Amino acid sequence: MDGNWENFISLNSHEESTFETLPAAATHYEADQWKRTWEKLDFQDAVERDVFPLPRTADREGYYGENHFSYWASGLSDTKDLLDAAQLHDVEIESYLDFGCASGRLIRHFGVQHPDVQTYGCDINRLHVEWCNRFLPSSIKVFQNHSIPTLPLPDNTLSLVSAYSVFTHIEAFETSWLMELRRVLKPGGIAWITVHTDATLKAMDEKWPLYRAVQRHPKRSELLSPSNEFVGDRLVLRYKTDTSYSSNVFYRKEYLERNWSRFFDILDFRHRFPRFQDLIILQKSK
Ligand SMILES: C[S@@+](CC[C@H](N)C(=O)[O-])C[C@H]1O[C@@H](n2cnc3c(N)ncnc32)[C@H](O)[C@@H]1O
């Protein structure tokens, strides 16, 4: 890597992929070691309707390892949570963008289960964009975005934006991205953004996916106290090798309340929702 992280993550790999896919979700239920987790999710009709292939583990950021049904069900469950929140806050969902959609964990469910919603996805990773546009329902529009905050969508287009595990990696242009999401939302539209905070960092134990990466970070003892406290508003842990770049960003909750409320009304803040991150629900003023 030539040290230019933006190039590295936006152009990540010029290689072409053969994109072998996995069969539709229903076929993976029996073999899934976490299938019981989804007993309360009313998934029967949804899984029968979704005949589209699933991405291989390597094509979906490693989510759920070899538990392919769980990968699919987690997207259905998150979709239900999003729609429940929209209903709770009286927002009618006509149009939706999943920012940092990867290979479509959420948008596939909007495309299959809620075809009346105009659904968009975007990602900085070109291969994810190609995967979605090759294998997901053609009503979904998926595009690549640049690392510089700009989305090729008109002002006031969307009723709902989600960003799951994306602001957890955005260490540059955070406030510009907030402004850009605000621009494309309609007045009254909501943004559902998951974040790492000082509280998630303190709650973390060895069962958490990020635990080892944090504990083994070369600057751990310089940046964090033994009980995982940090100084200042934001902690960025960078992981750089010759062939890859990634980072994890942790915000102090008071920082989010103080600064993100400059751009949006904060409707809700949920600790550990989903399990390993905190959730902030924002609304563009009506
Ligand atoms: C941990 S994955 C989460 C994927 C997806 N949101 C989900 O929940 O299944 C993070 C995703 O965000 C994307 N990403 C990271 N920085 C981004 C940026 N600045 N703009 C758009 N996507 C970004 C990555 O390429 C990756 O697909």
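For the structure, check the block above.
Nothing here was measured: the structure is a model prediction, and the numbers come from that model.

Asks: Is there a simple way to think about helix 6 (residues 174-184) in this case?
Replies: Residues separated by three or four positions in an α-helix point in the same direction, a consequence of the helix having 3.6 residues per turn. Every buried residue of helix 6 is accounted for by Glu174, Trp177, Leu178, Glu180, Leu181 and Val184. For helix 6, the angular spread of the buried residues around the axis is 165°, confining them to a single face.

Asks: Before we go on, may I ask you to explain the layout of surface pockets in this structure?
Replies: Where empty space is left can be seen by rolling a probe of water-molecule size over the atoms. For the second largest pocket, the calculated volume is near 150 Å³. As for the second largest pocket, its lining consists of Asp42, Gln44, Asp45, Ala46, Arg49, Leu76, Thr79, Lys80, Leu83, Gln113 and His114. Of all the elements in the fold, those that place two or more residues in the lining of the second largest pocket are helix 2 (44-49) and helix 3 (68-88). For the lining of the second largest pocket, the per-class residue count stands at three nonpolar, four polar and four charged.

Asks: Mind showing me how you'd approach the packing of aromatic side chains here?
Replies: Counted under the stated rule, the structure contains 16 aromatic pairs. Between the aromatic rings of Tyr29 and Phe43, the centroid separation amounts to 5.7 Å while the plane-to-plane angle is 40°, which identifies the pairing as tilted. Of this pair, Tyr29 sits in the loop between strand 1 (21-22) and helix 2 while Phe43 sits in the loop between strand 1 and helix 2, placing them 14 residues apart in sequence. With relative accessibility at 11%, the residue Phe43 sits in the buried group.

Conventions used here
Residues numbered from 1 in each chain as written. Predicted model: local features only at pLDDT ≥ 70, side-chain atom pairs only at ≥ 80, totals over all residues. Heavy atoms only, no water. Buried < 20%, exposed > 50% of the residue type's maximum accessible area, 1.4 Å probe, protein only. Helix = DSSP H or I, 4+ residues; strand = E, 2+ residues; numbered from the N terminus. Arc of directions from axis to C-beta. 1 Å grid on protein atoms, 1.4 Å probe; cavity = no way out; pocket = protein on both sides within 12 Å on 5 of 7 lines; lining within 4 Å. Points joined across faces, edges and corners; volume = space filled by probe spheres on them. Nonpolar A, V, L, I, M, F, W, Y, C, P; charged D, E, K, R; others polar. Phe/Tyr/Trp six-rings, centres within 6.5 Å; stacked < 30°, edge-to-face > 60°.

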